[in-house]
Amino acid sequence: MQPTMDDLSTISHEDVLAEAEKRTGRVLDRDRAHYSKYNGTAGFRTSAGTWVRLAWVRPGAFSAQSWTGLEASVAIEGVPRPNWFAGSMWHDEGRGVVWRVDEMSLAAAPALSPAGTVDRDPGLTDAWWADLRTALENLALHETSRVCVQQGHLSRRIGEVYGDQVDTTVAEWTCAHGDVGYANLTAAPLTLLDWEDWGLAPAGWDAACLWSASLSVPALAARVLNEFADVLNTRTGQLSRLMLCANVARAYRRTGKAGPLTGAMEAAASDLLASLS
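In this report, we go over the structure that sits alongside the text. In this convention, every chain numbers its residues from 1, walking through the sequence in written order. Residues qualify for local features only when their pLDDT is at least 70, as the model is predicted, and side-chain atom pairs are given and counted only at 80 or more; totals for whole chains, interfaces and linings, by contrast, use all residues. Excluded from the side-chain calculation are hydrogens and water; included are all heavy atoms of the structure.

Quick word on helix 7 (residues 218–227)
Note the threshold: Under the scheme applied here, a residue whose accessible area is under 20% of the maximum for its type counts as buried, over 50% as exposed, and between as partly exposed, the area being computed with a 1.4 Å probe on protein chains only. Note on conventions: DSSP H or I runs of at least 4 residues are helices, E runs of at least 2 residues are strands, and numbering of each starts at the N terminus. As used here, the arc is the angular range of directions from the helix axis to the C-beta atoms. Residue contacts are counted whenever heavy atoms from the two residues lie within 4.5 Å of one another.
Those residues of helix 7 that fall on the buried side of the exposure criterion are Leu 220, Ala 221, Val 224 and Glu 227. Down the axis of helix 7, the buried set is contained in an arc of 125 degrees. They therefore lie on one face. More than 90 degrees from the buried face of helix 7, the exposed residues found are Pro 218, Ala 219 and Asn 226. The secondary structure elements touched by the buried residues of helix 7 are helix 4 (126–140), helix 6 (205–214) and helix 8 (229–232).

The structure is reproduced here in structure tokens:
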């Protein structure tokens, strides 16, 4: 494996962990660390029974939106999520990055899938689905100036792949988590993880993301469509799903490599375009 900052497990970083322990006052459980292979983050259980998240950013690529998401989420009510306690940042001149370490409560159950998608039905109960509906409904009512998905971005993505076949104007915007997939959801008790990028998005965006993450299991995707029909079957919900289809199609065109969702997304896009036209 090629060493890269995008996967901290491939590089030497004991000095960073030592600094994180100094700033949090906690001992990190290195034996059960969780490293992302893609975005340079890592998570650790601590000596106090809490969770510490480590992340970095290049100074020139700093995004106030994602860098302040955790502490901003403290204002959200009625949504099961980790409680954020404190955070600290420091400049690492040698690596040319700014590190951030955050301590929060530890979720009572692990994420449903480390990959975000699933290849089999996780067997979630009716009560779990009801809790998720309530959580997303409560979140949608939260007022915020943060923006998760922009109109211009949605229109560009859909236009790049499907041209001007449909009017991409979004009529309804609500507060959303922004990345509701199985890597950010736990089984009972339900907890929504990773609050870095939440903000305003097309109504039904979170349900659309979960639908996308479920397409490898047709019965599960159908369950999502049924549970969230009130938002996914609206024009705004259909536009949200079409943008997610466009993202997959765009990646396929760029790389020439079909992913596990490419075929299902192509079929879904055809139906959505017919409905939206």
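Quick word on the packing of aromatic side chains
Heads up, the rule is: Two rings belonging to Phe, Tyr or Trp (six-membered ring only in the last case) form a pair when the distance between their centres is within 6.5 Å. Interplanar angles under 30 degrees mark stacking, angles over 60 mark edge-to-face geometry, and anything in between is tilted. For a ring to carry a charge above it, either NZ of a lysine or CZ of an arginine must fall within 6 Å of the ring centroid while also lying within 35 degrees of the normal to the ring plane.
Under the counting rule described, the total for this entry stands at three aromatic pairs. Relative to Phe 44, the ring of Tyr 35 lies with its centre 5.9 Å away and its plane at 85 degrees, an arrangement referred to as edge-to-face. For Phe 44, a relative accessible area of 0% translates into the label buried. Relative to Trp 67, the ring of Phe 62 lies with its centre 5.8 Å away and its plane at 65 degrees, an arrangement referred to as edge-to-face. The class of Phe 62 is partly exposed, set by a relative accessible area of 46%. A cation sits over an aromatic face here: Arg 100 above Trp 67, 5.9 Å from the ring centre. For the cation-ring pair, Arg 241 lies above Trp 211, with the distance from its terminal atom to the ring centre recorded as 5.3 Å.

With respect to the packing of helix 6 against helix 7
Cut-off, in case you're wondering: Structural elements are reduced to axes, namely lines fitted to C-alpha atoms, with helices fitted over the stretch in contact, and the angle between N-to-C directions of any two is expressed from 0 to 180 degrees. Should an angle lie under 35 degrees it is considered roughly parallel, over 145 roughly antiparallel, and from 65 to 115 roughly perpendicular; all remaining angles are considered oblique. Each crossing is labelled by how the near helix is turned from the far one, with a counterclockwise turn of less than a right angle marking it left-handed and a clockwise turn marking it right-handed. Under this grouping Gly is polar, as are all residues other than the nonpolar Ala, Val, Leu, Ile, Met, Phe, Trp, Tyr, Cys and Pro and the charged Asp, Glu, Lys and Arg.
Taken N-terminus to C-terminus, the directions of helix 6 and helix 7 make an angle of 165 degrees; their axes are 8 Å apart at the nearest point. With respect to each other, helix 6 and helix 7 are oriented roughly antiparallel. In this structure, helix 6 meets helix 7 at a crossing whose hand is left-handed. Contact residues: Ala 207, Leu 210, Trp 211 and Ser 214 in helix 6; Pro 218, Leu 220, Ala 221, Val 224 and Leu 225 in helix 7. Of the residues that constitute the contact of helix 6 with helix 7, the class distribution is eight nonpolar, one polar and no charged.

Considerations on the pattern of salt bridges
Test applied: The term salt bridge refers to a pairing of a side-chain nitrogen on Lys or Arg with a carboxyl oxygen on Asp or Glu at a separation within 4 Å.
Evaluated as defined, the whole model comprises 17 salt bridges. In this structure, the salt-bridge partner of Arg 133 is Glu 137, at a minimum N-O distance of 2.7 Å. Taken together, the residues Arg 133 and Glu 137, both in helix 4 and four residues apart, mark about one turn of the helix. Between Glu 227 and Arg 223 there is a salt bridge, with the nearest N and O atoms lying 2.7 Å from each other. In this pair, Glu 227 and Arg 223 are both assigned in helix 7, four residues apart and thus about one turn of the helix distant.

Thoughts on the sheet that holds strand 2 (residues 42–45)
Operational definition: Note on pairing: two strands pair once DSSP finds at least 2 bridges between them.
With antiparallel pairing, five strands are arranged side by side in an open sheet as 1-2-3-5-4. Edge strands, defined here as strands with exactly one partner in the open sheet, are strand 1 (34–35) and strand 4 (84–92). When strand 4 meets strand 5 (residues 97–105), the two strands line up antiparallel, connected through eight bridges. Within strand 5, the position partnered with His 91 by the bridge is Val 98. Sitting on the sheet, helix 1 (residues 14–24) touches strand 1, strand 2, strand 3 (50–57), strand 4 and strand 5, and the angle it makes with strand 4 is about 135 degrees.

A closer look at the state of the cysteines
Operational definition: Disulfides are defined in this document as cysteine sulfur pairs within 2.5 Å.
As enumerated under the stated definition, the model contains zero disulfides in all. Unpaired in terms of disulfides, Cys 209 finds its nearest cysteine sulfur in Cys 148, a separation of 7.5 Å. For Cys 209, a relative accessible area of 10% puts it in the buried group. Considering cysteine sulfurs only, Cys 209 is the nearest to Cys 245, which forms no disulfide, with 12 Å between them.

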